[in-house]
Amino acid sequence: MLKSYKAPIEESEKTQVLILGSGHLGNLGQQFRPALLDSLIEVLRGYSPDVIGVESLPSQVIVGMEAAPEKYRQALEIFAKDRLELARRAQEALGVSRTEAEGRAKGLLEQAVRGGLSPEGRLDLALNLLAAYEVESAVLQWSYLPEVGQERLSTMDGGLAGQFDALLNSPVESFSIGVRLARVLGLQSIACIDDQQDTDIYFEIADRLEPELERIGYHTAIRESEIIRKHQESSRRAVEAGDLLPHYRFMNSPEYVHAIMDAEYVSYLRPKLPSRLERTRLAQLEVRNLNMASHIRRASARHPGQRMLVIVGASHKPLLDLYLSQMLDVKLVHLGELL
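Residues numbered from 1 in each chain as written. Predicted model: local features only at pLDDT ≥ 70, side-chain atom pairs only at ≥ 80, totals over all residues. Heavy atoms only, no water.

### Some thoughts on unusual backbone geometry
Convention followed: Put simply, DSSP H or I for four residues or longer makes a helix, DSSP E for two residues or longer makes a strand, and each gets a number counted from the N terminus. The cut-offs for exposure are 20% and 50% of the maximum accessible area for each residue type, with area from a 1.4 Å probe on protein chains only; residues under the lower value are buried, those over the upper are exposed, and the others partly exposed.
In this model, Ser48 sits at a positive phi of 55°, which is unusual for a non-glycine residue. Secondary-structure assignment places Ser48 in the loop between helix H1 (38-47) and strand E2 (51-54). A relative accessible area of 27% places Ser48 in the partly exposed class. Phi angles above zero are rare outside glycine, and Arg276 is one such case at about 65°.

### Here we look at the packing of aromatic side chains
What counts, and what does not: Two rings from Phe, Tyr or Trp (for Trp, the six-membered ring) form a pair when their centres are within 6.5 Å of each other. A pair whose planes differ by under 30 degrees is stacked, one over 60 is edge-to-face, and the rest are tilted. For a lysine, the NZ atom is tested; for an arginine, the CZ atom; a charge sits over a ring if that atom is within 6 Å of the ring centre and within 35 degrees of the ring normal.
What the rule picks out here adds up to 4 aromatic pairs. Its end group placed over the ring of Tyr133, Arg98 keeps NZ or CZ at 5.6 Å from the ring centre.

### Topic: the sheet that holds strand E4 (residues 307-313)
Keep this limit in mind: Two strands make a pair as long as DSSP finds a minimum of two bridges between them. Note on contacts: a residue pair qualifies if any of its non-hydrogen atoms lie within 4.5 Å across the two residues. In this analysis, axes come from line fits to C-alpha atoms, helices being fitted only over the stretch in contact, and the angle between any two N-to-C directions falls in the range 0 to 180 degrees.
Read across the open sheet, the 5 strands follow the order E3-E2-E4-E1-E5; overall the sheet is parallel. Two strands in the sheet have a free side with no partner beyond their single neighbour: strand E3 (191-192) and strand E5 (330-333). Judged from the 4 bridges that link them, E2 and E4 form a sheet pairing that is parallel. Bridged to Gly53 within E4 is Val310. Of the strands in this sheet, strand E1 (15-22), E4 and E5 are in contact with H1, which crosses E1 at around 170°. Against the sheet, helix H17 (residues 317-324) contacts E1, E4 and E5, and its axis sits at roughly 165° relative to E1.

### Topic: helix H11 (residues 199-215)
Cut-off, in case you're wondering: In this scheme, a helix's expected span is set at 1.5 Å multiplied by one less than its residue total. To obtain the bend at a residue, axes are fitted to the seven residues ending there and to the seven starting there, and the angle between these axes is taken.
Here H11 is 17 residues long and its end C-alpha atoms lie 23 Å apart, about the 24 Å a rise of 1.5 Å per residue gives. The largest bend along H11 reaches roughly 65° and is located at Ala206. For H11, the full list of buried residues reads Thr199, Asp200, Tyr202, Ile205, Ala206, Leu209, Glu212 and Leu213. Positive backbone phi, approximately 70°, marks Gly217, located one or two places after H11.

### Regarding the pairing of E2
Burial along E2 is two-sided: Val51 and Gly53 facing one way and Ile52 and Val54 facing the other are all buried. Alignment of E2 against E3, held across 2 bridges, turns out to be parallel. Within E3, the position partnered with Gly53 by the bridge is Ala191.

### Comments concerning the packing of helix H5 (residues 98-114) against helix H6 (residues 119-131)
Two numbers describe a pair of packed helices, the interaxial angle and the distance between the axes. To keep things clear, this is the line we draw: Note on terminology: angles under 35 degrees are roughly parallel, angles over 145 are roughly antiparallel, angles of 65 to 115 are roughly perpendicular, and the others are oblique. The sense of a crossing depends on the near helix, which, turned anticlockwise from the far helix by less than a right angle, makes the crossing left-handed and, turned clockwise, makes it right-handed. The nonpolar class holds Ala, Val, Leu, Ile, Met, Phe, Trp, Tyr, Cys and Pro. Asp, Glu, Lys and Arg form the charged class, and all remaining residues, Gly among them, are polar.
Close contact between H5 and H6 brings their axes to 8 Å; oriented N to C, the two are set at 140°. The angle between H5 and H6 falls in the class oblique. In this structure, the crossing between H5 and H6 has a hand that is left-handed. In this structure, H5 contributes Arg98, Ala101, Arg104, Ala105, Leu108, Leu109 and Ala112 to the contact, and H6 contributes Gly121, Arg122, Asp124, Leu125, Asn128, Leu129 and Ala131. Considering only residue class, the contact of H5 with H6 consists of 8 nonpolar, 2 polar and 4 charged.

### Focus: the nonpolar core
Note the cut-off: To qualify as a nonpolar core, a set must consist of buried Ala, Val, Leu, Ile, Met, Phe, Trp, Tyr and Cys residues joined through side-chain atoms within 4.5 Å.
Leu37, Leu40, Leu44, Phe164, Ile177, Leu244 and Tyr248 are the most contacted members of the largest nonpolar core, which totals 67 residues. If you tally residues by element for this core, the top one is H6, at 7 residues. In this view, Phe164 contacts Ala126, Leu127, Leu130, Ala138, Val139, Trp142 and Leu153; residues no more than four positions away in its chain are not counted.

### What to know about the pairing of E1
Summarising burial for E1: 7 of the 8 residues are buried, a large majority. With 4 bridges connecting them, E1 and E5 associate as parallel partners. Of the residues in E5, the one forming a bridge with Gln16 is Lys331.

### Describing the side chain of Lys317
Along the chain, Lys317 turns up in helix H17. You can call Lys317 buried: its relative accessible area is 1%.

Dropping the structure here:
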């Protein structure tokens, strides 16, 4: 049996991947302001990733889920409703289908990488990316537009212009960290690495599993655990100090990653419910993270020997680190090492 294998490549030559565990910044509400992230952005700027991945659904995953509506209708409603609505409006504004928009965006994106896009071309690129379900990349291109280009869209469809501005200023980490850093570095696109193709497993068992877990106080025990208390206290102190970097350092520390691995995954092996559905739930979570790891590796494939940053909810970091550490040409980098 193959237990481990030493790849014939120096560690310094491997593709570097940094999984940045994050809290959901939208939960900060009125307390959020972009300046809270200034120190973190500066640290990540020093890492200088060649590609940035965020926890959003890739277009090909959405297309696949749309092709199986009976299986994924609920998941699309929960995880892709806003994205699909924006895409529909952009498709109507351009008079194109999603497939046509994807083809046009690809050609325009190649021009953007070469530095040959006019403001009109960049606006066209932003709209076609939006129509092709690539919302984060569309917002990134919108951020590069001079005001005259943004005003042009306002005359075409003020609603879309307002949506672009709202997303650009959103606290959601895909935008407040991912798009912001990509713009600082001059990148032209954002990779989406989330996956919800496992949700059919969960929705099949949820009505039976959740009452069982509720009866034994499973979720309450996790919410009241020491690591969650420490997380909340760390966040509170960081917000009061006006700098979230210490909180991100905590969320990406070995202590936190190990504790979250136990709370979010290992804990499902303890209840030993008669139905064994808690083990089905664990398997489903592993499937999601395996799929996410696959999307990350796919996005990094075109950047051998370069650097990738992946911004995900902190609960994903333990398994993503575990899975990606098995890749022959991947070297994991951690936030603490950059500090």
